[in-house]
Amino acid sequence: MYLSLNNLPRSIRYKRENVLIVGIIPGPREPKLTMNSYLMPLVQDLERFWAGVTIRCENYIPSTLYIRAAVICCACDIPATRKLCGFAAHSARLGCSKCLKEFPSEEIGGTKRTDYSGFDKETWTPRSLDVHITKAMEYLNADTLSDRKQIMKDHGVRYSCLNELPYFNSIRFAVIDPMHNLYLGSAKRMMEIWLEFDILSRSQFTKIEDVVAKIMTPQDVGWIPLKISSGFSGFTADQWRNWTTIFSAVALKEVLPPTHLHCWLLFVRACCLLGNRCTSASIACQANAYLTEFCKQVELLYGKYSCTPNLHLSLHLEDCLLDYGPVHAFWCFVFERCNGLLGRYHTNNERIESQIMRKFLREQQILSADAPSEAKDVLNILHSASCGSLLESCYDPYSPIILKLQTLARCELNGVNDFSLSPSDNYIQLLTPRFQGVLTTSQKERLSNMYRFLYPNINFDHFSSFYEYSSRCIVAKEIFCITNAKERSSVVMADWPTECLSNRSQNQVGRIQKIIRHSIKVFQSGSIKEIQRVFCFVEWYMKHSRENFYGTSATTCTNITFSESLCSYLPIQRISKRCAYATLKVTTVQICFLVYTPIKLGP
């Protein structure tokens, strides 16, 4: 069991040194019905924290600090959620932790089959917290085991000692984990269904693998192993996520029948929306609409017994987003990583839990310790050389800097807004090595005209003929690296015109050739001021006549037909997405296809 400190910004909240391990349940078997015997010491500590405690703070002023703490959500897989928060197992008649929809079972061929179909959410009765707590106490105080079983059968409730916390809401705090639900659950299950119904064959997996091998992704997006021909064996949750959101829409185009492909793409669109680092009520509603239609299509195409608990629970994800924000705030990727770290510790097979706990705590203390004074200068140099100097606010996704970048990435061009941001503010920086260049007469004229478009009401006092350029740049912690024209991070999507600066902006796809920092002097408010701006020099792709051949998850473009123009200089914050891309053939035309991958600062 782990705890994360939600007071910290989301970008550092799940770093290893900030994750607290509060318990390891001894094996070899997990608890059968509840985890109350392991939770009780934790609950007692949490009750004290809720009342408030005073702690000593060495090397800080004041030396003591009064704090209060509370649990705000529990994120885990389905079986653990049921045991942690006091619900019946997912195979029970009332197996949902959010509503009272019944899942009937029957014997078919000597096998018990549970019907999880029926996806009209408006007919589901939400669980009531008052009823849940009442029945949980009845379960605790029942005289016989049969009475407890009857309460569980009639109401889908068991007692959890977490109910002793005065603020704990078992229904709202038990979130649906997107990692287990979407990627290790529904995405993996769809592959099993296609094999079970002979919609895909093992031989077609080789064809899928060949397409995936051609797709290039940004460096920090991740990859999937070429084990598709063996049935996606050994895929991790992150690899299932990459397969779903990046590779599958194109790789399945030529092998999956259109009806089944349409069903799958509904799921892909929902996952892309849910995976955004910034979300809203409208995005959550749209994702829920896609998931609802996807679940109904699965029931229609494959039958009611192909539906799983994950399909039903996915329709409750909208409520979790409205309560806790983007899925990055509560999904279990970080805890799965910690499980992997714990599993690699060497032990002598005696009192394993204590050994693992000590090793984990020892490493955390080392990671959080201050560096010796004689090493700080070296560490600062290494940090500066690797990622540049950033404001601390850049690590907060809701800081004014990030919100301004997001606004500029979405807004329309109208010829009067300042669409550039100064690199001197430390959230746009060229990284080393940096080089000097000289503008030709034609380049100087084009760049000058673009400045006048961006700043129509500003008088230019001096326009430099020199510029600084690099192959690496960092924008609010997002690194662009374009060492050469084939670099994976160089293909982007931006809201920018490609022909004439007087046109309205539109989503365009291009390849960055170099990143330029240029300075101008302007006469403003009675004084001369020097400002610097960072631009990308971009070669734009031409849209193919069959632009939506791969659906809305990707677009097709012809080969680059580049001619330098005013629009070749793109303010870097106008980039809305980075792209995974591949060169494939559509009918008889050679095209470049691109799969859109949202960057961290995008909408």
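Here, every reference points to the structure presented above.
Analysis parameters
Residues numbered from 1 in each chain as written. Predicted model: local features only at pLDDT ≥ 70, side-chain atom pairs only at ≥ 80, totals over all residues. Heavy atoms only, no water. Helix = DSSP H or I, 4+ residues; strand = E, 2+ residues; numbered from the N terminus. Buried < 20%, exposed > 50% of the residue type's maximum accessible area, 1.4 Å probe, protein only. Contact = heavy atoms within 4.5 Å. Areas by Shrake-Rupley, 256 points an atom, 1.4 Å probe, with all protein chains shown as cover. Axes fitted to C-alpha atoms, helices over the stretch in contact; angles between N-to-C directions. Parallel < 35°, antiparallel > 145°, perpendicular 65-115°, else oblique. Core = buried A, V, L, I, M, F, W, Y, C linked by side-chain atoms within 4.5 Å. 1 Å grid on protein atoms, 1.4 Å probe; cavity = no way out; pocket = protein on both sides within 12 Å on 5 of 7 lines; lining within 4 Å. Points joined across faces, edges and corners; volume = space filled by probe spheres on them. Phe/Tyr/Trp six-rings, centres within 6.5 Å; stacked < 30°, edge-to-face > 60°. Lys NZ or Arg CZ within 6 Å of the ring centre and 35° of its normal. Salt bridge = Lys/Arg side-chain N within 4 Å of Asp/Glu carboxyl O. Left-handed = near helix turned anticlockwise from the far one by under 90°. Nonpolar A, V, L, I, M, F, W, Y, C, P; charged D, E, K, R; others polar. Patch = residues over 30% accessible without salt bridge, like charges linked within 9 Å, V, L, I, M, F, W, Y side chains within 5 Å.

(A) Structural context of the overall build of the protein. What the protein contains, in helices and strands, is 18 helices and 20 strands. The burial tally for the protein puts 49% of its 603 residues in the buried class. For the protein, restricting intrachain contacts to residue pairs at least 6 apart in sequence, the fraction spanning at least 24 positions comes to 67%. As presented, the protein carries roughly 29200 Å² of accessible surface, and 52% of it is formed by carbon and sulfur atoms.

(B) Structural detail: the packing of helix α7 (residues 178-196) against helix α10 (residues 258-274). Packing of α7 against α10 brings their axes to within 12 Å, and their N-to-C directions diverge by 170°. By the angle class used here, α7 and α10 are roughly antiparallel. Contact residues: α7 offers L182, Y183, S186, A187, M190 and W194, while α10 offers H260, W264, F267, C271 and L274.

(C) Local environment of the nonpolar core. With 112 residues, the main nonpolar core has W194, I208, W243, L252 and W264 as its most contacted residues. Considering every element that reaches this core, the biggest residue donor is α10, with eleven residues. Residues in contact with W194, not counting those within four places in the same chain, are I199, L200, L252, L256, H260, W264 and Y302. Among the nonpolar cores identified, the runner-up in size contains 34 residues, and V492, V534, L570 and I572 belong to it.

(D) Main features of empty space enclosed by the protein. In the structure shown here, the tally under the stated rule is one cavity of 30 Å³ or more. Taken together, 13 residues line the largest cavity, and the ones lying closest to its centre are C76, I78, I176, D177 and L313. Contributing elements (two or more residues each) for the lining of the largest cavity: α3 (78-85), α7 and α12 (309-314). A total of three residues in the lining of the largest cavity trace back to one element, the largest contributor, which is α3.

(E) Broad picture of the packing of aromatic side chains. For the coordinates displayed, the defined rule picks out 15 aromatic pairs. Taken together, the ring pairs connect W194, W264, F267 and F294 into an aromatic cluster. Here R241 stacks its cationic end above the ring of F333, 5.4 Å away from the centre of that ring. Seen from the ring of Y469, K514 lies directly overhead, with NZ or CZ sitting 4.5 Å from the centre.

(F) Up close: the pattern of salt bridges. Counted by the stated rule, this structure contains 13 salt bridges. Taking the shortest distance from any N to any O, the salt bridge between R189 and E192 comes out at 3.4 Å. One end of the pair, R189, and the other, E192, are both in helix α7, three residues apart, so they sit about a helical turn from each other. The closest approach of N and O atoms between R189 and E196, which form a salt bridge, is 3.9 Å. Via salt bridges that share partners, K121, E318 and D319 belong to a single interconnected network.

(G) Highlighting the side chain of N310. Positionally, N310 belongs in helix α12. A relative accessible area of 15% places N310 in the buried class. Excluding residues that lie within four positions of it along the chain, N310 makes contacts with I78, H180, N181, G185 and S186.

(H) Focus on the packing of helix α4 (residues 129-141) against helix α5 (residues 145-155). At a closest axis distance of 8 Å, the pairing of α4 and α5 adopts a crossing angle of 160°. Classified by the angle between their axes, α4 and α5 sit roughly antiparallel to one another. For α4 against α5, the interelement crossing comes out left-handed. Contacts between α4 and α5 involve K135, E138, Y139 and L140 on the former and, on the latter, R148, I151 and H155. Here the contact of α4 with α5 is composed, by residue class, of three nonpolar, one polar and three charged.

(I) Representation of unusual backbone geometry within the structure. Non-glycine residue D198 carries a positive phi angle of around 60°. Here D198 is to be found in the loop between α7 and α8 (202-214).

(J) The arrangement of a nonpolar patch on the surface in detail. Together, L5, L20 and V22 give the surface a local cluster of nonpolar side chains, amounting to about 210 Å² of exposed area. Its location among the elements puts L20 in strand β2 (residues 19-21). Residue L20 is classed as partly exposed on the basis of its relative accessible area of 36%.

(K) Local environment of the environment of N548. Looking at the secondary structure, you find N548 in the loop between β16 (542-543) and β17 (554-558). The class of N548 is exposed, set by a relative accessible area of 52%. Aside from chain neighbours lying at most four places away, what touches N548 is A554 and T556.

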